[in-house]
Amino acid sequence: MTAAVNRVVLVPGTLALLPEYAGREDPVAELRAAALAAIAWLGPDVQVVGDEQGARVGAALLEAAAVSTTLAGARCSTSDGGGPSTSDGGGSSTSGGAPAYLVVGNGSAKRTEKAPGAFDERAEAFDAGLGASLRAGWPEFDARLAEQLWASVEGIARLGSLGDLGEAQVDYDDAPYGVQYWVMRWGA
Amino acid sequence: MTLRLRTNEFADDATLMMAIVNRTPDSFYDKGATWAEDKAFERVALVAEQGAEIVDIGGIKAAPGVEIDAAEEKSRVVDFVARVREAFPQLVISVDTWRAEVGDAVCAAGADVLNDAWGGADPELVDVAAAHGAGIICTHTGGATPRTRPYRVEYDDVVRSAIDDTVAYAERALAAGVPRDGIVIDPAHDFGKNTFHSLELTRRLGEMVETGWPVLVSLSNKDFVGESLDLPVGERLVGTLAATSVAALAGARIYRVHEVVETRLTVDMVNVIAGRLLPKRAIRGLQ
């Protein structure tokens, strides 16, 4: 049985957030700042939900946020696929023992001609719909279309299993490189 | 090794552009373009804007020519150094001179570094640098007399000679009281050398870098580039940048140049390839 969810954050799985791909200038500085602020808000007991690359991005962001916010004892684990696993105990949650989740996922990668997947006229509407459902706390999307538009939705799909998240706080919503990124928070 | 050129400190991995500013009517490349003081000052402003960390001000061309005594040399550079010092307080000012008398005057006017392009021809230059806390560039000329061209010069091993002489000079400067982090060595391409010597120094520059002393290279538009490609002055930029790439890969720290922007891009690209410098901004494939 899944415990009551306390706090959830969504960040995109862009590899530009990984330290091994850092340049002298940060091409995603605004996104990174929003993501780190939201992750710091999650508290110290966090599980990462996403695909394999997303888990790497999430772990790196947790480590960066721990450094910048001096959160001791942050730890993460990837979901086993059926739905987000709960905290395996031992760590202190933000409040009331409920786990916090860092979900890694993003919208389409076909928003512009220069986008990784080039332009697809369906992408903007897809992202608008997915974004609206995320804001409402209950993600909905066409999985087949998501695949065609190169959307990274594995983690987002699992958001639904966390229960009624309520309305999101949107910290970032843009597609600066033809890929739709969001940073959103749910919970008290 | 950290470089500290008087009040300016540079990180261990920093590469520096030293822009040439000639207060001469007859230097080989610019042919008097910055002979007028205001033109020279405009050149300083331009290269500072382009990102040069150092300007190297010279009052005498390297090649043989009309005798320029110390008084005339000082009249060309001392007041100019003071003007640049006042206008560009953060810019490192180097003066290309072999004369201790001139070195003393320019340091008093605000110069940070003495670029002894003629390799210790005046043994008192190190004492002047030490007295002012200035840095010094220790060059290799094979014992050539200032303002002479090489004539049938040969070495058993030009790189060994360059290392032995410049390191000895650096140690002499250190013993005289020049700060260790203000001492730089320079193989001095084309000075007391034929083209084959300069090419070998370029090819084996890593051996100089391995001494641990910061290495300066002065390659810009020189004759060894021209002879390598059979190109006259004015058509040597590509060859200069190719030589610069080799020097950068070997680990040279300071580049004495006419073209600041092109050299900076070349050096940065090489150091990014070498893994010593991060790419400026990378997003391709990472979105």
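No experiment lies behind these values; they were computed from the predicted model shown.

Calculation notes
Residues numbered from 1 in each chain as written. Chains lettered and ligands numbered in written order. Predicted model: local features only at pLDDT ≥ 70, side-chain atom pairs only at ≥ 80, totals over all residues. Heavy atoms only, no water. Core = buried A, V, L, I, M, F, W, Y, C linked by side-chain atoms within 4.5 Å. Buried < 20%, exposed > 50% of the residue type's maximum accessible area, 1.4 Å probe, protein only. Helix = DSSP H or I, 4+ residues; strand = E, 2+ residues; numbered from the N terminus. Contact = heavy atoms within 4.5 Å. 1 Å grid on protein atoms, 1.4 Å probe; cavity = no way out; pocket = protein on both sides within 12 Å on 5 of 7 lines; lining within 4 Å. Points joined across faces, edges and corners; volume = space filled by probe spheres on them. Nonpolar A, V, L, I, M, F, W, Y, C, P; charged D, E, K, R; others polar. Salt bridge = Lys/Arg side-chain N within 4 Å of Asp/Glu carboxyl O. Expected span 1.5 Å × (residues − 1). Polar contact = N/O pair within 3.5 Å; in protein donor to acceptor, adjacent residues only side chain to side chain. Axes fitted to C-alpha atoms, helices over the stretch in contact; angles between N-to-C directions. Parallel < 35°, antiparallel > 145°, perpendicular 65-115°, else oblique. Left-handed = near helix turned anticlockwise from the far one by under 90°. Pairing = 2+ DSSP bridges. Phe/Tyr/Trp six-rings, centres within 6.5 Å; stacked < 30°, edge-to-face > 60°. Buried area = accessible area lost by both parts, 1.4 Å probe.

Let us look at the nonpolar core. Counting residues in hydrophobic clusters, the biggest one holds 66 residues, and the most contacted among them are I57, V84, V106, I136 and Y255 of chain B. Per-element accounting of this core gives the leading share, eight residues, to helix 5 (residues 158–176) of chain B. Setting aside anything within four residues of it in sequence, one finds I57 of chain B in contact with V21, R23, V77, F80, V81, V84, I93, S94, V95 and D96 of chain B. V11, L18, A38 and A55 of chain A belong to the second largest nonpolar core, which has 34 residues in total.

All names here are of chain B. Applying the stated criterion to the full structure yields two cavities of 30 Å³ or more. In this structure, the largest cavity occupies an estimated 50 Å³ of space. For the largest cavity, the full set of lining residues is V217, L219, S220, T240, T244, Y255, R256, V257 and T263. Put simply, the parts of the chain that give the lining of the largest cavity at least two residues each are helix 9 (237–250) and strand 10 (254–257). With three residues, the single largest contributor to the lining of the largest cavity is strand 10. In the lining of the largest cavity, the residues fall into four nonpolar, four polar and one charged.

Bringing the pattern of salt bridges into the picture now. One pass over the full model with this rule turns up 28 salt bridges over all chains. Here R56 of chain A makes a salt bridge to E20 of chain A, at a shortest N to O gap of 3.1 Å. With a gap of 36 residues between them, R56 of chain A in helix 2 (residues 52–69) and E20 of chain A in the loop between strand 1 (7–11) and helix 1 (29–42) connect regions that are remote in the sequence. According to the relative accessible area criterion, R56 of chain A is partly exposed, its value standing at 37%. Here R256 of chain B ties to D96 of chain B by a salt bridge, and the two come within 3.3 Å at their closest N and O atoms. Note that R256 of chain B is positioned in strand 10 and D96 of chain B in strand 5 (residues 92–96), a separation of 160 residues in sequence. The exposure class assigned to R256 of chain B is buried, which follows from its relative accessible area of 14%. What emerges from the salt-bridge pattern is a single network uniting R24 of chain A together with E53, R264 and D268 of chain B.

Moving on, we get to helix 5 of chain B. Residues and elements named next belong to chain B. Given a rise of 1.5 Å per residue, 19 residues ought to cover 27 Å, and the 27 Å separating the end C-alpha atoms of helix 5 matches this to within 8%. Residues of helix 5 that are buried include every one of V158, V159, S161, A162, I163, T166, V167, Y169, A170 and A173, and no others. The inward-facing, buried residues of helix 5 contact strand 6 (113–116), helix 4 (125–132), strand 7 (135–139), strand 8 (183–186), helix 6 (195–203) and helix 7 (205–209). For helix 5, the N-terminal cap is D157; the gap from its side-chain oxygen to the backbone nitrogen of V159 is 3.0 Å. Residue G177 follows helix 5 closely and has a positive phi angle near 115°.

Each pair of packed helices can be summarised by the angle the axes make with each other and by the distance between the axes. All names here are of chain B. Their axes nearest at 8 Å, the elements helix 3 (residues 100–109) and helix 4 cross at an angle of 15°. In terms of orientation, helix 3 lies roughly parallel with respect to helix 4. Helix 3 and helix 4 meet at a crossing whose hand is right-handed. Contacts between helix 3 and helix 4 involve A100, G103, D104, C107 and A108 on the former and, on the latter, L125, V128 and H132.

Quick look at the sheet that holds strand 5 of chain B now. Residue and element names in this part refer to chain B. Taken in spatial order, the eight strands line up as 8-7-6-5-4-3-10-9 in an open sheet, and their pairing is parallel. Either end of the sheet is taken by a strand with one partner, and the two such strands are strand 8 and strand 9 (216–218). Within this sheet the neighbouring strands show an average axis-to-axis angle of 25°, counted without direction. When strand 6 meets strand 7, the two strands line up parallel, connected through four bridges. Each bridged residue has a counterpart across the sheet, and for D116 the counterpart in strand 7 is C138. Helix-sheet contacts for helix 10 (residues 260–273) involve strand 3 (16–22) and strand 10, and the interaxial angle to strand 3 is about 160°.

Further remarks concern the packing of aromatic side chains. Residues and elements named next belong to chain B. If you walk through the whole model with that rule in mind, you get three aromatic pairs over all chains. On the basis of an interplanar angle of 45° and a centroid distance of 5.8 Å, the ring pair of F41 and F88 is categorised as tilted. Taken as a pair, F41 in helix 1 (residues 37–49) and F88 in the loop between helix 2 (70–87) and strand 5 lie far apart in primary sequence, 47 residues in all. The exposure class assigned to F41 is buried, which follows from its relative accessible area of 17%.

Another aspect to go through is helix 2 of chain B. All names here are of chain B. For helix 2, spanning 18 residues, the distance from its first C-alpha to its last is 25 Å, which sits close to the expected 26 Å at 1.5 Å a residue. Those residues of helix 2 not exposed but buried are A70, E73, R76, V77, V78, F80, V81, V84 and R85. Those residues of helix 2 hidden inside the fold are in contact with strand 3, helix 1, strand 4 (54–58), strand 5 and helix 3. N-capping of helix 2 is provided by D69, with a side-chain oxygen placed 3.3 Å from the backbone N of A71.

All names here are of chain B. Here helix 2 crosses helix 3 at 20°, and the two axes come no closer than 8 Å. The angle between helix 2 and helix 3 falls in the class roughly parallel. Handedness of the helix 2/helix 3 crossing: right-handed. Facing A70, E73, K74, V77, V78, V81, A82 and R85 of helix 2, the residues of helix 3 in contact are E101, V102, A105, V106 and A109. When grouped by side-chain class, the residues that make up the contact of helix 2 with helix 3 number nine nonpolar, no polar and four charged.

Now for unusual backbone geometry. Residue and element names in this part refer to chain B. Phi at K31 is positive, roughly 50°, even though this residue is not glycine. For K31, the position within the fold is in the loop between strand 3 and helix 1. The backbone phi angle of A188 is positive, close to 55°, even though this residue is not glycine. If you trace the backbone, A188 turns up in the loop between strand 8 and helix 6.

With that settled, the discussion passes to the interface of chain A and chain B. Contacts between chain A and chain B engage 14 residues on the former and 11 residues on the latter. Summed over both partners, the interface of chain A with chain B buries about 1200 Å², with 57% contributed by carbon and sulfur atoms. Three residues, R24, E25 and Y177 of chain A, lead the burial of chain A against chain B; their summed loss comes to 48% of the area buried on that side. Linking chain A to chain B there are two salt bridges. Linking chain A to chain B there are 10 residue pairs in polar contact (both at pLDDT 80 or more).

Read these as spatial facts, not as claims about activity.
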